[in-house]
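The lines below spell out each chain.
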Amino acid sequence: KRIPEVVLLGNSKLTEDLHMLLQEPWMKKHCKFLRGSSLLAADMLRTKTEKAQMAFVLANILADHPDLEDEQNILAASSLLKTYPQLPMRVMLLRPENRQLAVNLGLDINICF
């Protein structure tokens, strides 16, 4: 059974906890963290998104402004969808009422959780 390769893309500095987790041998072999944005074509090339089998847009559950966090994640997911329309995706939203905004920007309501 093949273990999938995982690329984490974040626009902020790697936290100490995540850095420590990524140093674990089983993680170090299969998981990479890159700093960047899904809104930038160059960063999508670095992550090899065109070869991805799945994309997850995850929310920061500690965000001070949950609506802003959701808006940014919806924008990121929308950008991914426009560039890679066949890429399966799941989008984490902090506030369920923001699902309608995702739909208004072209995301399928069923990919939002």
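Remember, predicted model here, so these are calculated numbers, not experimental data.

Caption draft 1: Broad picture of the overall build of the protein. In terms of helices and strands, the protein carries 5 helices and 4 strands. Starting at the N terminus and ending at the C terminus, the protein contains elements arranged as β-α-α-β-α-β-α-β-α. Taken over C-alpha atoms, the radius of gyration comes to 14 Å for the protein, in line with the 13 Å a tight globule of 113 residues would show. Scored against the burial criterion, the 113 residues of the protein give a buried share of 31%. A separation of at least 24 residues holds for 59% of the contacts in the protein among residues at least 6 apart in sequence. Summing over all exposed atoms, the protein offers an accessible surface of approximately 8100 Å²; the carbon and sulfur share of this is 58%. Charge centroids of the protein, computed over 14 positive and 13 negative side chains, lie 11 Å from each other.

Caption draft 2: Up close: the environment of Glu71. By secondary structure assignment, the location of Glu71 is in helix α4 (residues 66-83). On the basis of relative accessibility, which here comes to 42%, the residue Glu71 falls in the partly exposed class. Counting along the chain gives 30 residues from Glu71 to Leu101, while the straight-line C-alpha distance between them is 8.0 Å.

Caption draft 3: Structural detail: the nonpolar core. Counting residues in each nonpolar core, the largest one holds 15 residues, and the members touching the most others are Leu80, Met89, Val91 and Leu107. When residues of this core are traced back to their parent elements, those giving at least two are β3 (55-57), α4 and β4 (89-91). If we ignore the near neighbours within four places in the chain, the residues touching Val91 are Val57, Asn73, Ala77, Leu107, Ile111, Cys112 and Phe113.

Caption draft 4: A nonpolar patch on the surface, seen in detail. Taken together, Met54, Phe56, Leu58 and Phe113 make up a surface patch of nonpolar side chains, about 420 Å² in accessible area. Structurally, the position occupied by Phe56 is in strand β3. Residue classification places Phe56 among the exposed positions, given a relative accessible area of 54%.

Caption draft 5: Local environment of the layout of surface pockets. If you add up the space inside the largest pocket, you get close to 1900 Å³. Residue lining of the largest pocket: 47 residues in total, with Val7, Leu8, Leu9, Gly10 and Phe56 positioned closest to the centre. Those elements giving two or more residues to the lining of the largest pocket turn out to be β1 (6-10), α1 (16-22), β2 (31-35), α3 (41-46), β3 and α4. Ranked by residue count, the leading element in the lining of the largest pocket is α4, at 6 residues.

Caption draft 6: Molecular detail of α4. Here α4 spans 26 Å end to end across 18 residues, near enough to the 26 Å set by a 1.5 Å rise per residue. Turning to α4, its buried residues are Glu69, Asp70, Asn73, Ile74, Ala76, Ala77, Ser78, Ser79 and Leu80.

Caption draft 7: Broad picture of unusual backbone geometry. The phi dihedral of Lys48 is positive, around 55°, even though this residue is not glycine. Within the secondary structure, Lys48 sits in the loop between α3 and β3. Here Lys48 falls in the partly exposed class, since its relative accessible area comes to 48%.

Caption draft 8: Structural detail: the environment of Asp43. Following the sequence through the fold, Asp43 ends up in helix α3. The exposure class assigned to Asp43 is buried, which follows from its relative accessible area of 9%. Put simply, Asp43 and Met27 are 16 residues apart on the chain and 22 Å apart in space, counted from C-alpha to C-alpha. In this structure the side chain of Asp43 is engaged in a polar contact, spanning 2.8 Å, whose partner is the backbone nitrogen of Ser37.

Criteria and cut-off values
- Residues numbered from 1 in each chain as written.
- Predicted model: local features only at pLDDT ≥ 70, side-chain atom pairs only at ≥ 80, totals over all residues.
- Heavy atoms only, no water.
- Helix = DSSP H or I, 4+ residues; strand = E, 2+ residues; numbered from the N terminus.
- Rg over C-alpha atoms; globule rule 2.2 N^0.38 Å.
- Buried < 20%, exposed > 50% of the residue type's maximum accessible area, 1.4 Å probe, protein only.
- Contact = heavy atoms within 4.5 Å.
- Areas by Shrake-Rupley, 256 points an atom, 1.4 Å probe, with all protein chains shown as cover.
- Lys, Arg positive; Asp, Glu negative; His and termini not counted.
- Charge placed at Lys NZ, Arg CZ, Asp CG, Glu CD.
- Core = buried A, V, L, I, M, F, W, Y, C linked by side-chain atoms within 4.5 Å.
- Patch = residues over 30% accessible without salt bridge, like charges linked within 9 Å, V, L, I, M, F, W, Y side chains within 5 Å.
- Salt bridge = Lys/Arg side-chain N within 4 Å of Asp/Glu carboxyl O.
- 1 Å grid on protein atoms, 1.4 Å probe; cavity = no way out; pocket = protein on both sides within 12 Å on 5 of 7 lines; lining within 4 Å.
- Points joined across faces, edges and corners; volume = space filled by probe spheres on them.
- Expected span 1.5 Å × (residues − 1).
- Polar contact = N/O pair within 3.5 Å; in protein donor to acceptor, adjacent residues only side chain to side chain.

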